[in-house]
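# Chains, contacts and geometry: an overview
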Amino acid sequence: MKMQNQRLFLSPPHMSGREQSYIADVFESNYIAPLGPMVDRFEHSIRDLTRVPYALALSSATAALHLALRVLGIGAGDIVLTSSFTFIGGVAPILYQNATPVFIDSDSGSWNLDPLLLEEAIERSPKKPKALILAHLYGQCADLEKIIALCNLHGIALIEDAAESLGTTYNGQQTGTFGTFGVYSFNGNKILTTSGGGMLISSNKELIEKARFYSTQARDDAPHYEHTDYGYNYRMSNILAAIGVAQMEVLQERIATRRQIFEWYTQALGDIGEITFMPELPHTKGNRWLTALTFEHSNPNRIRLALEDKNIESRPLWKPMHLQPLFKDAMCCENGTSQRLFEKGLCLPSGTQMNRDDVERVCTLLKKALQ
Ligand SMILES: *Cc1c(COP(=O)(O)O)cnc(C)c1O
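Everything numeric in this text was worked out from a predicted model, so none of it was measured. For every chain, the first residue of the written sequence is number 1, and numbering continues from 1 onward in sequence order. A pLDDT threshold of at least 70 governs which residues receive local features in this predicted model, and a stricter bar of 80 or more applies before side-chain atom pairs are shown or counted, although totals over entire chains, interfaces and linings include all residues. Think of the side-chain values as coming from all heavy atoms in the structure, minus any hydrogens and water.

### Overview of the packing of helix 5 (residues 115-124) against helix 6 (residues 144-154)
- To get an axis, fit a line to the C-alpha atoms, keeping to the stretch in contact for a helix; angles then go from 0 to 180 degrees between the N-to-C directions. The way it works is that DSSP assigns letters per residue, a run of H or I at least four long becomes a helix, a run of E at least two long becomes a strand, and they are numbered from the N terminus. Contact geometry for helix 5 and helix 6: axes closest at 9 Å, N-to-C directions at 20°. Taken together, helix 5 and helix 6 sit at an angle that is classed as roughly parallel. In this structure, helix 5 crosses over helix 6, and the sense of that crossing is right-handed. Contacts between helix 5 and helix 6 involve Pro-115, Leu-118, Glu-119 and Ile-122 on the former and, on the latter, Lys-146, Ile-147, Leu-150 and His-154.
- Here the contact of helix 5 with helix 6 is composed, by residue class, of five nonpolar, one polar and two charged. These descriptions rest on fixed angle ranges, namely under 35 degrees for roughly parallel, over 145 for roughly antiparallel, 65 to 115 for roughly perpendicular, and the rest for oblique. Whether a crossing is left-handed or right-handed is set by the direction in which the near helix is turned from the far one by less than a right angle, anticlockwise for left-handed and clockwise for right-handed. It only takes one pair of heavy atoms within 4.5 Å for two residues to be counted as in contact. Each residue gets one of three labels, nonpolar for Ala, Val, Leu, Ile, Met, Phe, Trp, Tyr, Cys and Pro, charged for Asp, Glu, Lys and Arg, and polar for the others, Gly among them.

### Some words on the nonpolar core
- Here, nonpolar core refers to any group of buried Ala, Val, Leu, Ile, Met, Phe, Trp, Tyr and Cys residues whose side-chain atoms link them within 4.5 Å. Only protein chains enter the accessibility calculation, which uses a 1.4 Å probe. A residue is then buried if its area is under 20% of the maximum for its type, exposed if over 50%, and partly exposed in between. Counting 41 residues, the largest nonpolar core has Phe-42, Ile-46, Tyr-138, Leu-166 and Met-199 as the members making the most contacts within it.
- Breaking this core down by element, the ones donating at least two residues are helix 1 (19-29), helix 2 (37-50), strand 1 (54-58), strand 9 (198-202), helix 8 (238-248) and helix 9 (251-269).
- Here this core gets six residues from one element, more than from any other, and that element is helix 8.
- These domain boundaries are the output of an automatic or database domain assignment. Both domains that furnish three or more residues to this core are identified here as domain 1 (19-105 + 112-248) and domain 2 (251-370).
- In contact with Tyr-138, not counting residues within four places along its chain, are Phe-85, Glu-164, Met-278, Asn-287, Arg-288, Trp-289, Leu-290, Ala-292, Leu-317, Trp-318 and Cys-347.
- The next biggest cluster of nonpolar side chains, apart from the first, holds 34 residues, and it includes Ala-61, Val-91, Tyr-214 and Cys-332.

### Overview of the site of the ligand
- In the vicinity of the ligand lie 14 residues, with Thr-62, Asp-161, Glu-164, Ser-185 and Lys-190 positioned nearest.
- Here a polar contact is recorded for every N or O atom pair within 3.5 Å, except that within protein the pair must consist of a potential hydrogen donor and a potential acceptor, and residues adjacent in sequence are included only if both atoms are side-chain atoms. The contact in question runs from an oxygen atom of the ligand to an N or O atom on the backbone of Ala-61, over 2.8 Å.
- Between the ligand and the protein, one listed contact pairs an oxygen atom with a side-chain N or O atom of Ser-185 at 2.7 Å.
- Note on areas: Shrake-Rupley, 1.4 Å probe, and residue coverage restricted to the protein chains presented here. The protein chains hide 93% of the 380 Å² of surface that the ligand would expose on its own.
- Points on a 1 Å grid, built from protein atoms alone, make a cavity when a 1.4 Å probe fits but cannot get out and make a pocket when they are open with protein on both sides within 12 Å along at least 5 of 7 lines; residues with an atom within 4 Å of a point are the lining residues. Pocket occupancy is defined atom-wise: a molecule lies in a cavity or pocket when more than half of its atoms are within 2 Å of its grid points. Most atoms of the ligand, that is more than half of them, are within 2 Å of grid points of the second largest pocket.
- Of the residues belonging to the shell around the ligand, the class tally is three nonpolar, eight polar and three charged. Proximity is defined per residue: any heavy atom of the residue falling within 4 Å of a molecule or strand makes that residue near it.

### Describing the pattern of salt bridges
- Any Lys or Arg side-chain nitrogen located within 4 Å of an Asp or Glu carboxyl oxygen qualifies as a salt bridge. Taken as a whole and assessed by the stated rule, the structure comprises ten salt bridges.
- Residues Arg-18 and Glu-249 are paired through a salt bridge, measuring 2.6 Å at the closest nitrogen-oxygen approach. Pair noted here: Arg-18 is in the segment before helix 1 and Glu-249 is in the loop between helix 8 and helix 9, with a separation of 231 residues, a long-range link.
- The class of Glu-249 is partly exposed, set by a relative accessible area of 37%.

### Observations regarding the layout of surface pockets
- Grid points are joined across faces, edges and corners, and a volume is the space filled by probe spheres set on the points. Quantified by volume, the second largest pocket comes out at close to 200 Å³.
- Every residue lining the second largest pocket is counted, 21 residues in all, and those nearest its centre are Ala-61, Phe-87, Ala-163, Ser-185 and Lys-190.
- It is helix 3 (residues 61-71) that contributes the most residues to the lining of the second largest pocket, three residues altogether.

### Observations concerning the domain arrangement of the protein
- Each assigned domain of the protein is listed here: domain 1 (19-105 + 112-248) and domain 2 (251-370).
- Measuring from the centre of the C-alpha atoms in domain 1 to the corresponding centre in domain 2 gives 25 Å.
- Of the residues lining the interface, 42 residues belong to domain 1; the matching set on domain 2 comes to 38 residues.
- As a working definition, buried area equals the accessible area (1.4 Å probe) given up by two parts on being put together, with both sides summed. Both faces considered, domain 1 and domain 2 share a buried interface measuring about 3,400 Å² in area, 62% of it formed by carbon and sulfur atoms.
- Across the contact surface, domain 1 and domain 2 share zero salt bridges.
- Along the contact surface separating domain 1 from domain 2 lie 23 residue pairs in polar contact (both at pLDDT 80 or more).
- Sorting the residues of the side of domain 1 that touches domain 2 by element identifies strand 3 (100-104), helix 5, strand 6 (169-170) and helix 8 as the ones contributing at least two each.
- Taken together, the residues of the side of domain 1 that touches domain 2 sort by class into 22 nonpolar, 13 polar and seven charged.

### Concerning helix 1
- Burial in helix 1 covers these residues: Glu-19, Tyr-22 and Val-26. In a view along the axis of helix 1, the buried residues occupy a sector of 70°, so they form one face of it. Within helix 1, the exposed residues directed more than 90 degrees away from the buried face are Gln-20, Phe-27 and Glu-28.
- The secondary structure elements touched by the buried residues of helix 1 are helix 2 and helix 8.
- Just downstream of helix 1, Asn-30 is the residue with a positive phi angle, here 65°. Relevant arc is that of directions from the helix axis to the C-beta atoms, nothing else.

Next up, the structure:
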């Protein structure tokens, strides 16, 4: 029995039940290290899902994005285009490389990067951009076809930040597999979690081998520790990979549940005129990591506090990067969409242990708060 006053979190971890047995295997083997058979198995499960030949398990998606930029040779003064409507972990690696971010606003059809503004950003950029970091927010796919075409036309390396969109597809193909690199996150609140972790994938063997080299302190091939370059300590623990292996076994179930939760929300709230749910583009199938919506008139913060009062966690949508004090001097091609989403939007609890009654309870309180 669930207690009525038990806190309803936004997106808590949901174990499959097999994690501890896989962790026990790790202890048995004594591979208590950032390498080992579970790391190999975890990478294998991602290769199976994505049909991309190379995968590298890392300490976080932020680390994965950093390595992607590093091996692409992006450095001081280089321009990296990126979604403005995103989480800081998708953008901070540009600063790690002393490169310059140019932000691109969202379109209202996808809430993700606007291809028209991408074209404008490429034209207005003070020099040729080297890469684009493209986020698929809340598990919903960006307008990939136009974005890919523009990247190809202008020779811009596409890095998909699929941190929130594991299992999301475009024409049946997994997000994260369309660019030079794709990145997934296994942080505590993502659709699958290893408590913390990330994955870098690519079809380019040489680039992944380079990333592997930099992820383990850039050690040259010698019996002693020889270094002609510097790297990072970014690899994933074999213990955490054991959690990842068990989590990957239930990915499709988790996606089905998140989509079901979204359906329940739309059934209960869909006829409220001022509510708009995050859209799903044609030919795409999102994992609906978080149910996200906007209110035309009501103040989302008031709704959030009303839910909080009943011990229910909800969260504002991401504050766009071009509105962050950190990036007050950065260039942005904007149309006001992400700012409006931030000001009007809310993410509702979407954890896969929720049942229909939980969703109904949130909706009843939300409707009451709207009156
Ligand atoms: C969570 C997240 C990241 C960072 O992932 P970590 O594994 O926590 O480093 C990057 N980008 C987006 C869009 C995210 O949601």
